[in-house]
Amino acid sequence: MLFNSYIFIFLFLPTVLIGWYGLNRLKQYKLANLFLAGMSLWFYGYFNVYYLAIILSSIGLNYTLSFLLTFVREDSAHRRLWNRIGLCSGIFLNLGILFYFKYYDFFIENINYVFHTDYTLKHILLPLGISFFTFQQLSFVIDRCLGRSEHYSLLNYLTFVTFFPQLIAGPIVLYKEMIPQFEDLSRRRFDASSFARGIYLFILGLSKKVLLADTFALVANYGFAQTFSLDSISTVAVILSYTFELYFDFSGYSDMAIGLGKMFNIELPVNFDAPYRSCSIKEFWQRWHITLSRFFITYVYIPLGGSRKGRVRMLLNTFIVFLLSGLWHGSAWTYVAWGAMQGLLVVWDSLGIIGVRGREEKRPARFHIPPWLGWIFTFTLFNLSLFFFRSQSMSGAIQLFQNLFSGRYTGKIYEIAAQLDISELYVIRQALDMTAPHLINYMYLFFLLLLFMLSFFLVFRPTAYERTMQGEMTSKKCWIACILLLWCIISLSQVSTFLYFNF
């Protein structure tokens, strides 16, 4: 089930809200948790009933492992041994499940290529959100085995893992920031202020997805399918379209998830903080997919030694984290190349050769550049890295680099822009068709440029989260929300999934 669908907005969400607050008002707290978990599983299983067996098996295995540790006393002489066994088992089970469903075919393909074997691929269907709920539970199991977490009731644990706003595409929440909220009875009472802000933030996120991301997707999808026929100008237009599609898609989902959480009086962590404002790659990764970075820092970077074992080791650990981050996004060498490029850029930033003037730095840089120049470098380099991130193959990514620097112009840009044949332009298109048909292609190009200008403008404006949290919910905000919601509902006839569903 998608947030941007009629069944979710008009059936699922009202039902689960009424049930949640109704049962809590009757003080049926356990039944309310069970209802919320059951509805969340329906939300997840709506895509494919087969997925339910996977997520429930994952929950059962992790909870059983946590439960078994309760039989070992804290003062037991064998406690450390059992913790190590539990830690190894938890990591093996979670990463093993993730490997089988996400990386098995990728591994076999490379084995066949290197050793000239002919092992059969399984063509396994990737369960939605498996990377997210696996990391979520892995963090709990690791902390449980290290003595940082207590054992919770099955119902609380089930609610924590399956809570539908964050189940499919994050944020990657931690048990210690979620379970206490579900146990807090004061949060089970309806809060009008939180509910209103939640609706407003949800609608702003929905409009990002439906009105902007899905529009840019028309250009990006067509352009990446025409990789070998693009010229320099059209390559720039295609990659910018994908850049903003990715931005508004992911930030829109993050806003909707936090907004839904607020409707239930539950606070989800901010996962996206206007990364396209960043003036360095390091700053970029402090703003993009914040909870994923938090996971890798806590459970990979620090255990590898972090910055405690010298500068060279710190730089190596940083590179490893980004290499794994690239692989986390997908089972293809293009994602590995993207992660490696991001890692090298962050390592370069960490060397402290060039710094951004006016920005806080742990160690002074040898040379400083103004923030605007830092922004240009950061935005340009991230766009270039997306050649790897979006391409279906390494050859496709290399071709895009060749197109960009070829200096060719074939007029392909008009064909690319013409993909913006959306209903909002119907009247203008019909008018031009009757009066000046030769201007139609120019109209599409003008609209594409207008979309780019609007996107840059929105990037540097206060974020949807900032707008929601600042000030009161005024009548102006209500009118804006109503207009945007109506516009989105009309546009929902072409429902599309979120990009991060694929990861």
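> So what exactly am I meant to see when it comes to the overall build of the chain here?
In terms of helices and strands, the chain carries 20 helices and two strands. In terms of overall size, the chain behaves like a compact globule, its C-alpha atoms giving a radius of gyration of 24 Å where 503 residues would be expected to give roughly 23 Å. Here the chain holds 503 residues, and the buried ones make up 54% of them. Long-range contacts, defined as pairs at least 24 residues apart, comprise 74% of the intrachain contacts of the chain with a sequence gap of at least 6. With the model as given, the accessible surface of the chain reaches about 23700 Å², and the carbon-plus-sulfur share is 66%. Averaging the locations of the 40 positively and 28 negatively charged side chains of the chain gives two centres separated by 8 Å.

> Would you mind showing me how to read the packing of helix α5 (residues 130-145) against helix α6 (residues 154-162) here?
When two helices pack together, their arrangement is given by the angle between the helix axes and the distance between those axes. Look at α5 against α6: their axes get within 10 Å of each other, and the N-to-C directions meet at 140 degrees. Of the possible angle classes, the one that applies to α5 and α6 is oblique. From α5, Phe-133, Gln-136, Gln-137 and Phe-140 reach across to α6, where they touch Tyr-157, Phe-160 and Val-161. Classifying every residue of the contact of α5 with α6 gives five nonpolar, two polar and no charged.

> Got a minute to help me understand unusual backbone geometry in this structure?
Leave glycine aside and you will find that most residues have negative phi; peptide bonds, for their part, are mostly trans. Although it is not a glycine, Asn-265 adopts a positive phi angle of roughly 65 degrees. Structurally, the position occupied by Asn-265 is in the loop between α9 (232-263) and α10 (281-285). Although it is not a glycine, Ala-274 adopts a positive phi angle of roughly 45 degrees. Mapped onto the elements, Ala-274 comes out in the loop between α9 and α10.

> How should I be thinking about the environment of Asp-105 in this particular structure?
Along the polypeptide, Asp-105 turns up in helix α4 (residues 79-115). Remark: the alpha-carbon pair of Asp-105 and Ala-237, spanning 132 residues in sequence, is separated by 33 Å. Residues in contact with Asp-105, not counting those within four places in the same chain, are Leu-121, Lys-122, His-123 and Ile-124.

> Would you mind going over helix α11 (residues 290-301) with me for this structure?
Residues lying three or four places apart along an α-helix face the same way, a consequence of the helix completing one turn every 3.6 residues. The complete set of buried residues in α11 reads Thr-291, Leu-292, Ser-293, Phe-295, Phe-296, Tyr-299, Val-300 and Tyr-301. Residues of α11 that are buried in the fold lie against α5, α10 and α12 (311-329).

> Looking at this structure, I do not really get the pattern of salt bridges. What am I missing?
Side-chain pairs of opposite charge can arise where the charged atoms are in close proximity. Scanning the model with the defined rule gives eleven salt bridges in all. A salt bridge links Arg-294 to Glu-177, with the nearest nitrogen and oxygen atoms 2.9 Å apart. On the criterion of sequence distance, the pair formed by Arg-294 in helix α11 and Glu-177 in helix α7 (residues 175-183) is long-range, its members being 117 residues apart. The class for Arg-294 is partly exposed, based on a relative accessible area of 26%. Across the pair Lys-412 and Glu-415 runs a salt bridge, and its minimum N-O distance is 3.1 Å.

> Help me understand the state of the cysteines in this model?
Here, disulfide denotes a covalent bond that connects the sulfur atoms of two cysteines. Evaluated as defined, the whole model comprises zero disulfides. Cysteine Cys-88 remains unbridged, with the sulfur of Cys-145 as its closest cysteine sulfur at 8.8 Å. When its relative accessible area of 53% is taken as the criterion, Cys-88 is described as exposed. Cys-482 provides the cysteine sulfur closest to Cys-488, a residue in no disulfide bond, and the two sulfurs are 12 Å apart. Cys-488 gets classed as buried once you look at its relative accessible area, which sits at 0%.

What counts and how
Residues numbered from 1 in each chain as written. Predicted model: local features only at pLDDT ≥ 70, side-chain atom pairs only at ≥ 80, totals over all residues. Heavy atoms only, no water. Helix = DSSP H or I, 4+ residues; strand = E, 2+ residues; numbered from the N terminus. Rg over C-alpha atoms; globule rule 2.2 N^0.38 Å. Buried < 20%, exposed > 50% of the residue type's maximum accessible area, 1.4 Å probe, protein only. Contact = heavy atoms within 4.5 Å. Areas by Shrake-Rupley, 256 points an atom, 1.4 Å probe, with all protein chains shown as cover. Lys, Arg positive; Asp, Glu negative; His and termini not counted. Charge placed at Lys NZ, Arg CZ, Asp CG, Glu CD. Axes fitted to C-alpha atoms, helices over the stretch in contact; angles between N-to-C directions. Parallel < 35°, antiparallel > 145°, perpendicular 65-115°, else oblique. Nonpolar A, V, L, I, M, F, W, Y, C, P; charged D, E, K, R; others polar. Salt bridge = Lys/Arg side-chain N within 4 Å of Asp/Glu carboxyl O. Disulfide = S-S within 2.5 Å.

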